[in-house]
Amino acid sequence: MQVIIFDDAEQVAEHAAQWVSELVENKTNPVLGLATGSTPISLYKKLVERHNEQGLSFKNVSSFNLDEYHNIDPANPQSYRSFMNDNLFSHVDIDVANTHLPTCTSEQNPREQGLNYEQAIKDAGGIDLQILGIGANGHIGFNEPTSSLVSKTRIKTLTEQTIKDNSRLFKADEHQPDMAMTMGIGTIMDSRYVLLMATGENKADAVNDMVTGALSAMCPASALQMHENAIVILDKAAASKLEDKGYYQWADKQNNKLNQQYGLYHNY
Ligand code: GLP
């Protein structure tokens, strides 16, 4: 796991945008794994800027989102489909037909929908770069604590904490779903690269558990300790509980030197 600590959230977003740009510019048919939540909004802003100002093109990109609420109308402003349209898809040249979310209506069988989603990812060639945020309880996607570390796309019941954390996004009279379809931890682990963004003090405990805690289903993000190419990018607040900050910062400098000497090498 590579841990990189930046001064602020702006620099975290800039670094994430650099990763996405490098993939999109250098691979013929790049496959992005995308996330919702407040954290990646700044990344999507930067990508839209790069599209408008530097001609970064998403024409050949396919995307797979981590999760979507169960039985939600895509047109509902609370759906993750709406979130992706509003924050990214409607502002760049991506072909919407190549953008996927793990949807499931009440008429559909969630098990079949999960299998179909896994198959669609395989058919696209697998995910090259998965963007992740982290929940305050260590969840990734909607893989709540005690999720199987090898799980695949399926339906999950959200924890009270997640429902409470996300309630800020719903109006008092608005229905807040308590179930969601989510890529599994195993699905995320199959991505070639994983880039986890975390900012703010309220993520500091989860980040510390993920990086230095035991590999445990109680902290789903700790599974990334077993990923060959997991990059964790943090602002100072999210990194504040890590003991070995000095080491991560020094290792990052050394990595930059290696990159300068040998060039960047991403095995997509
Ligand atoms: C949500 C999403 C996750 C996201 C997390 C943190 O419930 N399912 O994919 O990473 O919570 O969200 P935020 O970035 O808003 O803190």
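See the structure printed just above.
This is a predicted model, so every value here is computed, not measured.

Around the ligand sit 13 residues in total, of which Ser38, Thr39, Asp67, Phe142 and Lys203 are the nearest. Within the contact set of the ligand, an oxygen atom lies 2.5 Å away from a side-chain nitrogen or oxygen of Thr39. Between an oxygen atom of the ligand and a side-chain N or O atom of Lys203, the distance comes to 2.5 Å. Notes on the ligand: free accessible area 390 Å², of which the protein chains cover 92%. A class-by-class count of the residues in the shell around the ligand yields three nonpolar, seven polar and three charged.

Here we come to the pairing of strand E8 (residues 179-182). With three bridges connecting them, strand E4 (residues 67-69) and E8 associate as antiparallel partners. Residue Glu68 lies in a different strand from E8, and its bridge partner there is Met181.

Applying the stated criterion across every chain, the model contains nine aromatic pairs. Ring centres 4.9 Å apart and planes at 40° place the aromatic pair Tyr69 and Tyr80 in the tilted group. Residue Tyr69 is found in strand E4, and its partner Tyr80 is found in helix H3 (residues 80-87); the two are separated by eleven residues along the sequence. With centroids separated by 6.1 Å and ring planes inclined at 15°, the aromatic side chains of Tyr80 and Phe142 adopt a geometry described as stacked. One end of the pair, Tyr80, is in helix H3; the other, Phe142, is in the loop between strand E6 (129-132) and strand E7 (154-157), and 62 residues separate them in sequence. Here Tyr80 and Phe142 have matching classes, each one buried. Here the aromatic residues Tyr69, Tyr80, Phe142 and Phe170 are joined through ring pairs into a cluster of three or more.

Turning our attention to the pattern of salt bridges. Opposite charge on two side chains lets them pair, provided their charged atoms get close. Tallying each qualifying case throughout the model produces eight salt bridges. A salt bridge links Glu14 to Arg50; the nearest nitrogen and oxygen atoms lie 2.7 Å apart. One end of the pair, Glu14, is in helix H1 (residues 9-26); the other, Arg50, is in helix H2 (residues 41-54), and 36 residues separate them in sequence. What makes Glu14 partly exposed here is its relative accessible area of 34%. Ionic pairing is found between Lys152 and Asp190, a salt bridge with its closest N-O pair at 3.0 Å. Within this pair, whereas Lys152 is found in the loop between E6 and E7, its partner Asp190 is found in the loop between helix H6 (185-189) and strand E9 (193-198), the two being separated by 38 residues in sequence. The exposure class of Lys152 is partly exposed, given its relative accessible area of 36%. Residues joined in a network through salt bridges with shared partners are Glu10, Glu14, Lys46 and Arg50.

About the criteria used
Each chain has its residues counted from 1, following the order in which its sequence is written. Local features in this predicted model are restricted to residues whose pLDDT is 70 or higher, and side-chain atom pairs enter the listing and the counts only when it is 80 or higher, whereas totals over whole chains, interfaces and linings include all residues. In computing side-chain properties, one takes all heavy atoms of the structure into account and sets aside hydrogens as well as water. Residues are classed as near a molecule or strand on a simple rule: at least one heavy atom within 4 Å of it. We call two N or O atoms a polar contact when they sit within 3.5 Å, provided that within protein one can donate a hydrogen and the other can accept it, with sequence-adjacent residues counted only if both atoms are side-chain atoms. Throughout, the Shrake-Rupley method with a 1.4 Å probe supplies accessible areas, and for residues the shown protein chains are the sole cover considered. Amino acid classes used here: Ala, Val, Leu, Ile, Met, Phe, Trp, Tyr, Cys and Pro are nonpolar; Asp, Glu, Lys and Arg are charged; the rest, including Gly, are polar. Strands are treated as partners if at least two bridges between them are detected by DSSP. Secondary structure follows DSSP: runs of H or I at least 4 residues long count as helices, runs of E at least 2 residues long count as strands, and numbering of each begins at the N terminus. Any two of the Phe, Tyr and Trp rings considered here, Trp counted by its six-membered ring, make a pair once their centres fall within 6.5 Å; the pair's planes then place it as stacked at under 30 degrees, edge-to-face at over 60, or tilted in between. The classification of residues rests on relative accessible area computed with a 1.4 Å probe and restricted to protein chains. Under 20% of the type maximum is buried, over 50% is exposed, and intermediate values are partly exposed. Take a side-chain nitrogen of Lys or Arg and a carboxyl oxygen of Asp or Glu: if they are within 4 Å of each other, that pair is a salt bridge.

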